[in-house]
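# Coordinate inspection notes
Residue-level listing of the chains:
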Protein chains: 2
Amino acid sequence: MLEDKSQELTPISKLGEFGLIKHLTENFPVVQNSTKVSIGDDAAVIDSENQKVVVSTDMLAEGVHFNLGYVPLKHLGYKAVVVNLSDIAAMNATPTQILVSVAVSNRFPVEALEEIYAGIALACNRYKVDLIGGDTTSSNAGLVISVTAIGLENEEKIVKRNGAKPNDLLVVTGDLGGAYLGLQILEREHSVYLANPNMQPEMEGYDYILERQLKPEARTDIKKKLEELDILPTSMIDVSDGLASEVLHLSDQSKVGFHLYEEKIPMDESTIHTSEEFNLNPAMATLNGGEDYELLFTISPSDFDKIKNHPDFTVIGHATAEEQGNFLVARGSNQLIPLTAQGWDAFLNKE
Amino acid sequence: MLEDKSQELTPISKLGEFGLIKHLTENFPVVQNSTKVSIGDDAAVIDSENQKVVVSTDMLAEGVHFNLGYVPLKHLGYKAVVVNLSDIAAMNATPTQILVSVAVSNRFPVEALEEIYAGIALACNRYKVDLIGGDTTSSNAGLVISVTAIGLENEEKIVKRNGAKPNDLLVVTGDLGGAYLGLQILEREHSVYLANPNMQPEMEGYDYILERQLKPEARTDIKKKLEELDILPTSMIDVSDGLASEVLHLSDQSKVGFHLYEEKIPMDESTIHTSEEFNLNPAMATLNGGEDYELLFTISPSDFDKIKNHPDFTVIGHATAEEQGNFLVARGSNQLIPLTAQGWDAFLNKE
């Protein structure tokens, strides 16, 4: 796509490193009061004003986390930010700043980087976070994006992975499995396209799951909703690698077991239909699929009444004593199936 | 080198992503009181205790910032941390935490990553900073390391690039040009080796400049030395891209010009000798070479007496009115040569 119009495009070397950073970041306004020094000095300066500083980083690599054959660069920039904001939300903190570093080969023109930064800008604007630093470098290899996200929160509000107690309820936001099935559609249509570039991709009816894959959102809205319900989770994590893997993380750090009820796992109708189309068990797509970026948390059983009819939350299980282990309670049979982490692994799932 | 003994080495896929991170980070102790939550949750938590949070990030890419043909992996891990700590020192802040993300191709065994993390651990120990987060992923391409460094400092102590006034003195720590000439030696001997692998590299007599290139240090010691002299710089930057480029940054942000005296630029004797060996003007190596990671700063002229005989500091010029521009005052002739940024640029200097 980019190659076709390369005669109009600007090579990165024309701007140089400093010129490029300046060019790409000039339209990023500072909106957070806590941002005291932004891009342009040796480092940025943040005023945390008695709040704790929450910080997380994630790296996305071409061919491992994304395939430029079907992921638009703008979506990639957006998603790279969102997956990091999701980690801040998973601490029950409010994201405030990001730093973004990008390594690109010289085959990318300036216009490609502009697309990535347009996606980053969109995410900054949507989530009211400031881009306060970063680095842009060439690479001999593919595209690598590294984002560090910073959030601020009062200490008593921060929720870690290690606070779940036996009998706590296991709750998830939104619905699961969509991002994984969206990826299946993208990969199928991309294969069809590679076999015959004249074929039109069949994307109709898959809007929801495609958006879940290409333009996920971080559940930064959940913090306020929980506060309104007067609920502070006892532990929390975001669903980036698949439900099974995340439950095992909470189990490991909280020293509890979990019973997870297959029939309770929330799924969108299109997720279920598409699973059937691919001959997949829909629950397996939620357990092992990943990239949904919903929040998974535990609450005291005494908070059940506050949450039970809320459209954003689904109780999907409960914590047990650690010795009881971690199980999926199968739909219908109530058979106990040991939970194993077959979630997404950057070293195993190669495209 | 690594390929020769691959039968004994561990493929990364054997450990998986979580196992790998756990394995690589298990020997990193937490030494900073400000580190409240470290590796193992969705995000780390820092208690800044009324200090401002200073944060910077840098990305190093194989074949652009380093050549694994002659850079040992342990040195690479060490240097990746140091260059980021240098940015924190350049704000006159104290580095306290780092986050490190590494993308590696599957051609690297676990043992190679262990070497990189051994270097990171060495730097953490030397500079008393905590590794509090990061990411490890495979890449289709070479090795990319992204480090985010965090520091804490009281607001009134933080020094930015924009505070220099006309007549302020321009001061640099240590000596310059060594890292650049160390790189010339490494590249020369690497070419010789490639041409004839039986040739022994001639590294004797180059210890100092090789160490400047392979194992640079961040001048985190300067903050305390300046405090003891009761000096607060009016502006500061670290010398990562060459003296000329850094002077122009201070000029640009402080809205002043600079006169920089060639004969004052501090150089080690081995830097001068090696320059002559390569038929290079030694001053040019300091102006355009980069990677020295010394600190360049301005002080009020009234502070001159405090600093004039200090072994760590050299006054190399002074600020002028902005309209006067930026000039190198040539040795002997006192001719004014316009300063231009020919410093190291990741998009221009390809190996």
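Remember, predicted model here, so these are calculated numbers, not experimental data.

## A short note on the relation of the copies chain A and chain B
Aligned on chain B, chain A shows an RMSD of 0.0 Å; the corresponding rotation is 180° and the shift along the axis is 0.0 Å. The relationship between the two copies is best expressed as a two-fold rotation axis. Minimal C-alpha distance to the rotation axis in chain A is attained by A141 of chain A, lying at 2.3 Å. Of the residues that chain A buries at the interface, 100% are likewise interface residues in chain B, meaning the two copies contact each other through the same surface.

## Here's the deal with the domain arrangement of chain A
Residue and element names in this part refer to chain A. By the assigned domains, chain A splits into domain 1 (3-157) and domain 2 (169-338). The C-alpha centroid of domain 2 is placed 27 Å from the C-alpha centroid of domain 1. Contacts between the two partners involve 26 residues from domain 1, matched on the other side by 21 residues from domain 2. Counting the surface lost from both domain 1 and domain 2, the interface buries some 2000 Å², and carbon and sulfur atoms represent 60% of this. For domain 1, the biggest contributors to the area lost against domain 2 are Y70, K79 and N92; these three give 31% of the whole. Notably, a salt bridge pairs E291 with K79, separated by 2.8 Å at the nearest N-O pair.

## Focus on helix α1 (residues 16-25) of chain A
Buried residues of α1 of chain A: G16, E17, L20, I21, L24 and T25 of chain A, and no others. Buried positions along α1 of chain A lie against α3 (110-127) and β5 (130-138) of chain A.

## Considerations on the sheet that holds strand β4 (residues 94-104) of chain B
Strand order in the open sheet formed by six strands is β1(A)-β2(A)-β3(B)-β6(B)-β4(B)-β5(B), and the pairing between neighbours is mixed. With partners counted over all chains shown, the strands left at the sheet margins are β1 (35-37) of chain A together with β5 (130-138) of chain B, one partner each. The sheet shows a mean angle of 20° between the axes of neighbouring strands, taken without regard to direction. Here β4 of chain B runs beside strand β6 (residues 144-153) of chain B; their pairing, made up of nine bridges, is antiparallel. Of the residues in β6 of chain B, the one forming a bridge with T94 of chain B is L152 of chain B.

## Here we look at the packing of aromatic side chains
Residues and elements named next belong to chain A. Tallied over the full model, the rule gives four aromatic pairs over all chains. Aromatic side chains F28 and Y117 sit 6.4 Å apart centroid to centroid with 90° between the ring planes, which places their arrangement in the edge-to-face category. Here F28 is found in the loop between α1 and β1, whereas its partner Y117 is found in helix α3, with 89 residues between them in sequence. We classify F28 as buried; its relative accessible area is 14%. Judged by its relative accessible area of 5%, Y117 falls in the buried class.

## Focus: the UniProt feature "binding site: substrate" (unreviewed entry) in chain A
Residues and elements named next belong to chain A. If you check UniProt for "binding site: substrate" (unreviewed entry), the listed places come out as H65, E291 and W344 in our numbering. Among the structural elements, H65 can be located in the loop between β3 (52-61) and α2 (73-89). Judged by relative accessible area, which is 18%, H65 ranks as buried.

## Points about the interface of chain A and chain B
Taken together, the contacts link 74 residues of chain A with 74 residues of chain B. Between chain A and chain B lies a buried interface of about 5600 Å² when both sides are counted; carbon and sulfur atoms form 56% of it. Of the charged contacts, one joins D42 of chain B and R161 of chain A as a salt bridge, the two residues approaching to 3.2 Å between their closest N and O atoms. Applying the counting rule to chain A against chain B returns 22 residue pairs in polar contact (both at pLDDT 80 or more). The biggest single contributor to the side of chain A that touches chain B is β3 of chain A, with nine residues. Considering only residue class, the side of chain A that touches chain B consists of 32 nonpolar, 25 polar and 17 charged.

## Some details on the packing of helix α2 (residues 73-89) of chain B against helix α3 (residues 110-127) of chain B
All names here are of chain B. At a minimum axis separation of 6 Å, α2 and α3 run at an interaxial angle of 40°. One finds that α2 runs oblique with respect to α3. Of the two possible hands of crossing, α2 and α3 adopt the one that is right-handed. Across the interface between the two elements, L73, K74, G77, Y78, V81, V82 and L85 of α2 pack against A112, E115, I116, A118, G119, I120, L122, A123, R126 and Y127 of α3. Of the residues contributing to the contact of α2 with α3, the split by class is twelve nonpolar, two polar and three charged.

## Comments concerning empty space enclosed by the protein
Residues and elements named next belong to chain B. In total, this model carries one cavity of 30 Å³ or more according to the counting rule given. In the lining of the largest cavity, the residues fall into five nonpolar, two polar and two charged. Looking at the lining of the largest cavity, you find at least three residues from each of domain 1 (3-155) and domain 2 (169-338).

## Details of the pattern of salt bridges
Per the counting criterion, the structure on display carries 46 salt bridges over all chains. Taking the shortest distance from any N to any O, the salt bridge between E228 of chain B and K224 of chain B comes out at 3.5 Å. Placement of the pair is E228 of chain B and K224 of chain B together in helix α6 (residues 222-228), with a separation of four residues, close to one helical turn. Judged on exposure class, the residue E228 of chain B and its partner K224 of chain B are both exposed. Where salt bridges share partners, they join R212, R219, D221, K225, E294 and D312 of chain A into one cluster.

How each quantity is defined
- Residues numbered from 1 in each chain as written.
- Chains lettered and ligands numbered in written order.
- Predicted model: local features only at pLDDT ≥ 70, side-chain atom pairs only at ≥ 80, totals over all residues.
- Heavy atoms only, no water.
- Least-squares fit on C-alpha atoms with pLDDT ≥ 70 in both.
- Contact = heavy atoms within 4.5 Å.
- Domains from an automatic or database assignment.
- Buried area = accessible area lost by both parts, 1.4 Å probe.
- Salt bridge = Lys/Arg side-chain N within 4 Å of Asp/Glu carboxyl O.
- Buried < 20%, exposed > 50% of the residue type's maximum accessible area, 1.4 Å probe, protein only.
- Helix = DSSP H or I, 4+ residues; strand = E, 2+ residues; numbered from the N terminus.
- Pairing = 2+ DSSP bridges.
- Axes fitted to C-alpha atoms, helices over the stretch in contact; angles between N-to-C directions.
- Phe/Tyr/Trp six-rings, centres within 6.5 Å; stacked < 30°, edge-to-face > 60°.
- UniProt positions renumbered as here; feature names shortened; annotations may be inferred.
- Polar contact = N/O pair within 3.5 Å; in protein donor to acceptor, adjacent residues only side chain to side chain.
- Nonpolar A, V, L, I, M, F, W, Y, C, P; charged D, E, K, R; others polar.
- Parallel < 35°, antiparallel > 145°, perpendicular 65-115°, else oblique.
- Left-handed = near helix turned anticlockwise from the far one by under 90°.
- 1 Å grid on protein atoms, 1.4 Å probe; cavity = no way out; pocket = protein on both sides within 12 Å on 5 of 7 lines; lining within 4 Å.
- Points joined across faces, edges and corners; volume = space filled by probe spheres on them.

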